[in-house]
Amino acid sequence: MVKICCIGAGYVGGPTMAVIALKCPSIEVAVVDISVPRITAWNSDQLPIYEPGLEEVVNQCRGKNLFQHTNVEKHVSEADIIFVSVNTPTKTRGLGAGKAADLTYWESAARMIADVSRSNKIVVEKSTVPRELLFRTFLTLTEFSLEGETPDGQKAVQALKDVYAHWVPEGRIITTNLWSAELSKLAANAFLAQRISSVNAMSALCEATGADVSQVSHAIGKDTRIGPRFLNSSVGFGGSCFQKDILNLVYICECNGLTEVANYWKQVIKVNDYQKNRFVNRVVSSMFNTVSGKKIAVLGFAFKKDTGDTRETPAIDVCKGLLGDKARLSIYDPQVTEDQIQRELSMNKYDWDHPIHLQPMSPATVKQVSVVWDAYEATKDAHGICIVTEWEEFKTLDFQRIFDNMQKPAFVFDGRNVVNVKKLREIGFIVYSIGKPLDPWLKGMPALA
Ligand SMILES: NC(=O)c1ccc[n+]([C@@H]2O[C@H](COP(=O)([O-])OP(=O)(O)OC[C@H]3O[C@@H](n4cnc5c(N)ncnc54)[C@H](O)[C@@H]3O)[C@@H](O)[C@H]2O)c1
Ligand SMILES: O=c1ccn([C@@H]2O[C@H](COP(=O)(O)OP(=O)(O)O[C@H]3O[C@H](CO)[C@@H](O)[C@H](O)[C@H]3O)[C@@H](O)[C@H]2O)c(=O)[nH]1
């Protein structure tokens, strides 16, 4: 039986291995991690990650051909194929700070593989690691063959293809050289993020002119060369990948002396920051230029719907912006705990990407923030509502009931275009919906970042 071991039981390692186990009953999959709480959670009914369908997949395979362990060395030494999916945060200090990947965790995993391996191993890199470093680290630590060019390398490529061929059609498994693979990954995310920054840049222009960004997206999406997907204007993109991958791309460009290319991609992040600032400024300027002491309900904290993941979520910047203006926040998200929200709001930029067990145990609680388990509780007596994540349940809230229980004038700031603006205005709300024609109240209150 082929044995796969995955180092890192996080957002990538956990679900990827669950799918491999499901699709390949003939392969034994061990997921290992240095974090005891994370492994304990994977072995419990409360998985450490929320994703629709994940629990069902794990339940089907756990104990059969899918196992989660903390004994990292044992399972690495027994495996034929080792996936590395440890975290590679953005460096916070030193060379490449704010751009390059911090490879501390990755290097320790690589050293451990070299230490415990007594037979040939295929190492599959899932972490975002610059190929030069990968190459050098393994070359110096082991007798290592890289790329598909050598006969051993070809065998490794075939073994990996055989795993994916269990469910991916042959024609869709692409093999490339290492630089192409690395740049493809970074470019895919950079292109997607650029698309969102483009539509978000249009949203500002729509507000200034009276156009409706949803209509513009719909119209341009009809052109098959553009396509309709990934054109939803928002308060900004988040998630663990887009910003980090663009920063990596920028770093590679700069290392190659390509300043103009680096600046082009940097602009995607700048527009994303602009969009988050613009949203906060709209809130503050609409509410008589001050939110000091006012209760603001924040609906949604995850970086997108259907996940409890809060890494780089725009909610962090929105909340910090409002807290900076001394607002009191009441936050509700169906999948994010109070501890997680408090942790995010008290953490420095980039610290989030370190494993949770290496973060401060009890982060300082942000006193102006309360976290509640119900949208009605969050909005009770609030002066304004900010919708930051597009959870389906926010579309079907009883807004009349919410309006009746709020301070007046009652404001809704929809950062995800989920509410029915017309209906809410009829109820009596003053509504701002990103990229939509402005409420008469908001006209003449320009919110520039
Ligand atoms: N999140 C995504 O969708 C995504 C997609 C593609 C690639 N990536 C890349 O994959 C990597 C992992 O991302 P993630 O989102 O799963 O991160 P994560 O923080 O959720 O998980 C990483 C895990 O690795 C563990 N770990 C760290 N060092 C270890 C070691 N030496 N031995 C054993 N375990 C160790 C940590 O405890 C943590 O549980 C990152 O480099 C990321 O950039 C992420
Ligand atoms: O029209 C859109 C689509 C997305 N978003 C936002 O963009 C961010 C990223 O969304 P999405 O790409 O769906 O989530 P990720 O899980 O970050 O997935 C991205 O990053 C992964 C890790 O690299 C890749 O595997 C995926 O292909 C890539 O889409 C989120 O904040 C979304 O709310 C928008 O604002 N408007």
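Basis of the calculations
Residues numbered from 1 in each chain as written. Chains lettered and ligands numbered in written order. Predicted model: local features only at pLDDT ≥ 70, side-chain atom pairs only at ≥ 80, totals over all residues. UniProt positions renumbered as here; feature names shortened; annotations may be inferred. Pairing = 2+ DSSP bridges. Helix = DSSP H or I, 4+ residues; strand = E, 2+ residues; numbered from the N terminus. Axes fitted to C-alpha atoms, helices over the stretch in contact; angles between N-to-C directions. Contact = placed C-beta atoms within 7 Å. Domains from an automatic or database assignment. Nonpolar A, V, L, I, M, F, W, Y, C, P; charged D, E, K, R; others polar. Buried ≥ 20, exposed ≤ 12 C-beta atoms within 10 Å, placed from the backbone. Right-handed = clockwise from strand over helix to strand, strands pointing away. Near = placed C-beta within 6 Å. Core = buried A, V, L, I, M, F, W, Y, C linked by C-beta atoms within 7 Å. Parallel < 35°, antiparallel > 145°, perpendicular 65-115°, else oblique. Left-handed = near helix turned anticlockwise from the far one by under 90°.

The name given to the chain in an unreviewed UniProt entry is UDP-glucose 6-dehydrogenase, with the source organism recorded as Morella rubra. Quoted verbatim from the Catalytic activity (unreviewed entry) field of the UniProt record, the comment on the chain reads "UDP-alpha-D-glucose + 2 NAD(+) + H2O = UDP-alpha-D-glucuronate + 2 NADH + 3 H(+)". What the UniProt record of the chain gives under Sequence similarities (unreviewed entry) is the line "Belongs to the UDP-glucose/GDP-mannose dehydrogenase family."

Caption draft 1: Structural context of the sheet that holds strand E6 (residues 295–299). Within the open sheet, the six strands sit side by side as E8-E7-E6-E9-E10-E11. Their pairing is parallel. Edge positions in the sheet fall to strand E8 (369–371) and strand E11 (430–433), since each of these pairs with one other strand and no more. On average, adjacent strands in this sheet sit at an angle of 15° to one another, irrespective of strand direction. Of the pairings in the sheet, the one linking E6 to strand E7 (residues 328–332) comprises five bridges and is parallel in character. Across the sheet, the residue bridging to Leu299 is Tyr332, located in E7. Running at roughly 170° to strand E10 (residues 411–414), helix H11 (residues 259–286) makes contact with strand E9 (384–387), E10 and E11 of the sheet.

Caption draft 2: Seen up close, the domain arrangement of the chain. Assigned domains within the chain: domain 1 (2–175) and domain 2 (188–433). Computed over C-alpha atoms, the centres of domain 1 and domain 2 are 32 Å apart. Taken together, the contact pairs 15 residues of domain 1 with 18 residues of domain 2. Among the residues forming the side of domain 1 that touches domain 2, the class breakdown is seven nonpolar, six polar and two charged.

Caption draft 3: Up close: the pairing of strand E2 (residues 27–32). In terms of burial, E2 is largely enclosed, as six of its six residues are buried. Judged by which residues are buried, E2 turns out to be covered on both faces: Ile27, Val29 and Val31 on one side and Glu28, Ala30 and Val32 on the other are all buried. Sheet topology places strand E1 (residues 2–7) next to E2; six bridges connect them, and they run parallel. Its bridge partner lying in E2, Lys3 is registered against Glu28. One crossover worth recording links E1 to the parallel E2 by way of helix H1 (residues 13–23), and it is right-handed. Two elements, E2 and strand E3 (residues 66–69), share four bridges in a ladder whose sense is parallel. Its bridge partner lying in E3, Val31 is registered against Gln68.

Caption draft 4: The arrangement of the sheet that holds strand E5 (residues 122–125) in detail. If you trace the five strands from one edge of the open sheet to the other, you get E3-E2-E1-E4-E5, paired in parallel fashion. If you trace the sheet from one side to the other, it starts and ends with E3 and E5, each paired once. Across the sheet, the mean angle separating the axes of adjacent strands is 20° when strand polarity is ignored. Sheet analysis places E1 next to strand E4 (residues 81–84), joined by four bridges and oriented parallel. Along E4, the bridge assignment pairs Ile7 with Val84. Most of the contacts of helix H7 (residues 151–164) go to E5, to which it runs at about 65°, and overall it touches E2, E4 and E5.

Caption draft 5: Looking closely at the site of ligand 2. Around ligand 2 there are 14 residues in total, and Asn232, Ser234, Phe237, Gly239 and Cys241 lie nearest to it. A per-element tally of the shell around ligand 2 places helix H8 (residues 178–209) first, with three residues. Per-class residue counts for the shell around ligand 2 are eight nonpolar, five polar and one charged.

Caption draft 6: Molecular detail of the nonpolar core. Membership of the largest hydrophobic core comes to 51 residues, with the highest contact counts inside it found for Val298, Leu299 and Cys386. The biggest single contributor to this core is helix H12 (residues 314–324), with five residues. Here Leu299 is in contact with Tyr332, Ala375, Ala378, Ile385, Cys386, Ile387, Val388 and Phe394, once residues within four sequence places are set aside. Ranked by size, the runner-up nonpolar core spans 41 residues in total, among them Ala18, Val31, Val32 and Cys61.

Caption draft 7: Spotlight on the environment of Thr290. Mapped onto the secondary structure, Thr290 falls in the loop between H11 and E6. The exposed category is assigned to Thr290, around which 12 C-beta atoms lie within 10 Å. Residues Thr290 and Tyr251 lie 39 residues apart in sequence; the distance between their C-alpha atoms is 39 Å. When near neighbours in sequence (up to four residues on either side) are disregarded, Thr290 contacts Val284 and Asp325.

Caption draft 8: Seen up close, unusual backbone geometry. Here the bond from Lys408 into Pro409 is cis, since omega is -5°, no more than 30 degrees from zero. With respect to the helices and strands, the residue Pro409 is situated in the loop between helix H15 (399–404) and E10.

Caption draft 9: Looking closely at the packing of helix H10 (residues 242–255) against H11. Between H10 and H11, the shortest axis-to-axis distance is 8 Å and the interhelical angle comes to 165°. In terms of orientation, H10 and H11 fall into the roughly antiparallel class. In this structure, the crossing between H10 and H11 has a hand that is left-handed. Taking contact as the criterion, the partners of Gln243, Ile246, Leu249, Val250, Cys253 and Glu254 in H10 are, on H11, Thr259, Val261, Ala262, Trp265, Lys266, Val268 and Ile269. Of the residues assigned to the contact of H10 with H11, the class counts are nine nonpolar, two polar and two charged.

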